[in-house]
Amino acid sequence: MIVDSIGIDKKDNKYLVSFNTYIGKNKYETYEVLVDDLETSFNEIYLLVNKKIYLSHLNILYLSNCLTNSDISLIIDVFNNRDDLRGSFLVTVIKDYDKDIFKNRNITNIINNNFKESGYIYPVTFNDIITDYLDLSISYIPVIDNNDFSIIGSLSIFDEYRFYNLDESSYLNILFNKTDTLSFDIDNSLVKLININTLFLVFCHELKSIDNAPNNPSICAIMN
C-alpha cells in the first residue's frame, strides 16, 4: 500500500489517522483508524488492509487545528522514530480539518506557488521542522483554510504555540532569510520585491548608571 498523504485529527481524546493511498490509474483510496496512541496507528492500518505499508512516497502530512502543541510534538516524535520515512514531505495545518482535504490534489502546489509568488509562508518539510527544533526550539508551519483552500498564515510549535497571520508570517520569513520574494499592496497597487537578502548586525552596548557605579551590566542588542 503506497501512502501518498496522511491526515491526523483528534476525536474524543483519540487520534483519528487517515491514510490516503494510491491504488493506480490516478485513483486514490482513504483508510481511517481511531487509536489511543499514534504508535499503534500504523499497526492498525496494516491489520485493516492486510498489506505492507510504504511510507517512502509520502508527499504531505495534514495536521488538524484541533491538535494541541503537545499533540503535534508527539506526532513529530513518532514520525521521527520511523526509519521508513523520508523527511522531504511537506507538513501543514488545516483549519476546519476533515478527510475531504485529500480530494484536493493541488495542496502542495498551492503552498509552493504561494511561496514563490508572494513569500507569505514557507513550504516546511518534516526535515525543516527537525532542524528548526534543534536550532531554535521552534518551528513555523503553514496554515490552510479547508473551506476555500486559502493560505491564512503560520502556526508556531514546540516552545511557542501561536498563530501568525499572513503579514506576520512574511516578516518571519524575511527575518530568518527564508524567502527572496515579498508581495504587498500600497495604495491598491501591487508591489513585489525580489532577490531579498537579510543581513544582521549584532553589537554590545554598555549602559552606565547615573552615579557611574562600578560593576554596571552590559546589555547586548540585536538589530537587523
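Values in this document were obtained by computation on a predicted structure and should not be read as measured data.

Asker: Got a sec to walk through the pairing of strand S5 (residues 90–95)? Specific residues and values, please.
Answerer: Most of S5 sits inside the fold, with five of its six residues counted as buried. Of the pairings in the sheet, the one linking strand S4 (residues 60–64) to S5 comprises five bridges and is parallel in character. Its bridge partner lying in S5, Leu-61 is registered against Val-91. On the question of chirality, the crossover connecting S4 to the parallel S5 by way of helix H2 (residues 69–80) is right-handed. With three bridges joining them, S5 and strand S6 (residues 138–145) adopt parallel strand pairing. Bridge pairing links Val-93 to Val-143 in S6.

Asker: Any details on the pairing of S4? Residues and values, ideally.
Answerer: Sheet faces and side chains relate simply in a regular strand, where the side chains alternate between the two faces. Of all the five residues making up S4, five are buried; the element is thus mostly covered by neighbouring parts of the structure. Alternating residues of S4 divide into Ile-60, Tyr-62 and Ser-64 and Leu-61 and Leu-63, and every residue in both groups is buried. In this structure, strand S1 (residues 2–11) lies alongside S4, joined through four bridges in parallel fashion. Each bridged residue has a counterpart across the sheet, and for Ile-6 the counterpart in S4 is Leu-61.

Asker: Could you give an account of helix H5 (residues 166–175), with specific residues and numbers?
Answerer: Here H5 has its buried residues at Ser-169, Ser-170, Leu-172 and Asn-173. Down the axis, H5 shows its buried residues gathered within 155 degrees of arc, on one side only. Looking at the packing, one finds that the buried side of H5 touches S6, strand S7 (150–158), strand S8 (162–164) and strand S9 (181–186). The N-terminus of H5 is capped by Asn-165, whose side-chain oxygen sits 3.1 Å from the backbone nitrogen of Asp-167. Remark: Asn-177 follows H5 within two positions and exhibits a positive phi of approximately 55 degrees.

Asker: Give a description of the confidence of the model for the protein chain that names residues and reports values.
Answerer: Chain-level pLDDT for the protein chain is 86 on average; 91% of the residues reach the 70-or-more range. Ignoring residues within four places in sequence, the model shows residues 212–224, a span with pLDDT below 50, making 21 contacts including any to other chains.

Asker: Requested: an account of the packing of aromatic side chains, with residues and values cited.
Answerer: Per the counting criterion, the structure on display carries eleven aromatic pairs. Ring geometry for Phe-79 and Phe-89: centres 6.3 Å apart, planes at 50 degrees, overall tilted. One end of the pair, Phe-79, is in helix H2; the other, Phe-89, is in the loop between H2 and S5, and ten residues separate them in sequence. Assessed through its relative accessible area of 3%, Phe-79 is described here as buried. Classification of Phe-89 as buried rests on a relative accessible area of 1%. The structure contains a cluster of three or more aromatic residues connected by ring pairs, namely Phe-19, Phe-42, Phe-79, Phe-89 and Phe-126. Directly above the aromatic system of Phe-42 lies the positively charged group of Arg-82, at a separation of 4.0 Å from the ring centroid.

Parameters at a glance
- Residues numbered from 1 in each chain as written.
- Predicted model: local features only at pLDDT ≥ 70, side-chain atom pairs only at ≥ 80, totals over all residues.
- Heavy atoms only, no water.
- Buried < 20%, exposed > 50% of the residue type's maximum accessible area, 1.4 Å probe, protein only.
- Helix = DSSP H or I, 4+ residues; strand = E, 2+ residues; numbered from the N terminus.
- Pairing = 2+ DSSP bridges.
- Right-handed = clockwise from strand over helix to strand, strands pointing away.
- Arc of directions from axis to C-beta.
- Contact = heavy atoms within 4.5 Å.
- Polar contact = N/O pair within 3.5 Å; in protein donor to acceptor, adjacent residues only side chain to side chain.
- pLDDT = per-residue confidence, 0-100.
- Phe/Tyr/Trp six-rings, centres within 6.5 Å; stacked < 30°, edge-to-face > 60°.
- Lys NZ or Arg CZ within 6 Å of the ring centre and 35° of its normal.

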